[in-house]
Structures are given as C-alpha cells and as structure tokens.
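A look at the structure
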Amino acid sequence: MDGDNKTIVTEFLLLGLSGKSQQEEVLCGMFLGLYLVTIIGNLLIIFAISCDPHLHTPMYFFLASLSTVDICTSSVTIPKMLVNHIVGSKSISYRECMSQIYFFITFSNMDGFLLSVMAYDRYAAICCPLHYTLIMRPRLCVLLVAASGLITNLHALLHTLLMAQLTFCSNNAVHHFFCDPYPILKLACSDTFINHLMVFTVGGLIFLTPFTCIIVSYAYIFSNVLKLPTARGIRKALSTCGSHLTVVSLFYGAILGVYMHPSSSYSVQDTVATVIFTVVTPMVNPFIYSLRNRDMKVALRKLILRSWK
C-alpha cells in the first residue's frame, strides 16, 4: 500500500477455519448450503410480508428489515470465501478487507438494533394495547430503522478508519474465513491502544444500548404478563415473544462469547462463536419466526401456492 495507509501489506491471506484442504472442501460445501438456505429463507419472509396485506404491521415490517439485514450479513463474508475456494486462492486485497470489516460491523450491529426495536414493539403491543397504533405509527417505524442504520454505519466507519491507520508488516495470515476485526488487530505491528479503547467504549455503548433496551422491554412485559388472571392469557401474551427471545439468545450469546474480551485472547472457540452469529443465526431466523407464527405460515403457504399457479 502507499505511505498514506502506513502499511506494507497489500493483501491478507484468509486461511479458513481448519487450514486443511480436505476439511476446507467440506466446510465450503456446508457454507454454500447454509448460504443458499439463508438467502431463500429470508427472501421468502420478505416476499410473504410484502404480498400479504394482513402482515403490513409494525412487527412484520421490522421482521422484513431483519431478514434483509440477515441476507446482507451473510453476503458480506461467505461469497468471498466460496470464490477463493473455487479459484484456488486465499488472498483478499487490503481494500477488500477494510470494506469487509466496515460492512460486517454495520450489519452485525444493525441486527442488534433491530432486535431491540422489535422488543420495544412487543412491549407496546402487550403493555399498551389500546394505544399501540398511536405509539407504533408508520413514520416512527421507518424512523427507528433509519436511525439504526445511521448509527451503525457511523460506528463502522469509525472503526474502519482507525483500522486503516494501523501498520501491517510481514505477517498477513488471518486464521479465519473473513476479515474479522479481532484477528486483523492481532496482525498489526503498530500500537492498537486507540483501537481497543474505541472497541470498549464506543463499541461497548453500541452493544449495551440495544441490549439494555431489550432487557428493559422484557422486564416490563413479564411484569405485566404476570398480572394476567389466567394461564391461557399468559401463554397467549408470551407466545408472541418466544421467537424473538430465541433469536436474541442466539445472537447475543455468540456476541458475548466473542467480543467481550481483549482481541489478544481470540481463540478457536471464538471463531466457532463468530460462525454462529454470522452464518447460523441469519439462516435460522426465518425458520424460527415462520414455524412459531401462524400468520407467517399462512402467508408463506399463500406465496408458495401462488408461485405454483
């Protein structure tokens, strides 16, 4: 790279998950299958919601937004790995790597913000049912998604610009299948104090804000649900939250396992956890919501039947 970027490295080598050619072939085949299921599943969710007027509500608007972000999250990392495997290369250019870091941070954080917005929507529906339509107005829904996108893009831009100021010397081998920020930070031969400081301050704030909103929303939800007179009423109220809680548990469980400690201690277990929320979680989201939601089942059935006619 040129002197402005303060780096000697012009490309990084993505060594994958195992480093062994036979295992990498199996893993690439598995990732291709997971990626196709992710794309098809989330597109079905988006088309079903857009085609069924009964699903033109705030909850399903946020679900369609989440499915869109899940498609983008998977598309940032998996296609490059598959292309490299097909052409027999492990390299990714410096600029491609920085771009991958930017979009990975953007869409990963966007997932968290959308999950918090969906938790707030469930709070409004269960705790304030009479005022729900006044609270969750269409303009507010669009504003919440737009604000989430703006915040996450600015956050990603900050970390990417700081990463671009680092010096990378002879070691350019990344023990991962994409440019995860933590493994890249470990390769820097210049001082990464500012980067780590921003991760634990700004990054911590970006993580804790939606997570806290989810916790507070469900605290209010459970406190209101427990006041219901019948067990049937409790089950009905909680049934609308089950899918969302499952996705939240998968997503934040993996995030806590990977990014809530210094990058110097990044390990194989962290790589597995990264795979969970970059590959597995976007894939299972449509199944969790469709299999546990009667309205989604009906909408998907209509969409499939219409496509066969």
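What counts as what
Residues numbered from 1 in each chain as written. Predicted model: local features only at pLDDT ≥ 70, side-chain atom pairs only at ≥ 80, totals over all residues. Heavy atoms only, no water. Helix = DSSP H or I, 4+ residues; strand = E, 2+ residues; numbered from the N terminus. Buried < 20%, exposed > 50% of the residue type's maximum accessible area, 1.4 Å probe, protein only. Lys, Arg positive; Asp, Glu negative; His and termini not counted. Salt bridge = Lys/Arg side-chain N within 4 Å of Asp/Glu carboxyl O. Pairing = 2+ DSSP bridges. UniProt positions renumbered as here; feature names shortened; annotations may be inferred.

**Some points on the side chain of Asp 52**
- Tracing the chain through its elements places Asp 52 in the loop between helix 1 (21-51) and helix 2 (58-87).
- Summary of buried charges: Asp 52 has no salt-bridge partner, and the nearest side chain of opposite charge, Lys 302, is 4.2 Å away.

**Re the pairing of strand 1 (residues 11-14)**
- Along strand 1, the buried face is formed by Phe 12 and Leu 14; none of Glu 11 and Leu 13, which line the opposite face, is buried.
- Two elements, strand 1 and strand 2 (residues 91-93), share 3 bridges in a ladder whose sense is antiparallel. Pairing of Glu 11 across the sheet is with Ser 93, part of strand 2.
- As paired elements, strand 1 and strand 3 (residues 173-174) share 2 bridges and run parallel to each other.

**Digging into the UniProt feature "transmembrane region" (unreviewed entry) in the protein chain**
- According to UniProt, the "transmembrane region" (unreviewed entry) feature falls on residues 30-49, 101-120, 140-158, 197-221, 242-260 and 272-291.
- Structurally, residues 30-49 comprises 100% helix and 0% strand, and the distance from its first C-alpha atom to its last is 29 Å.
- Secondary structure content for residues 197-221 is 100% helix and 0% strand, and the end C-alpha separation is 35 Å.

**Overview of the sheet that holds strand 3**
- In space, the 3 strands of this open sheet follow the order 2-1-3, with mixed pairing throughout. In this open sheet, the two strands that pair with only one neighbour each are strand 2 and strand 3.

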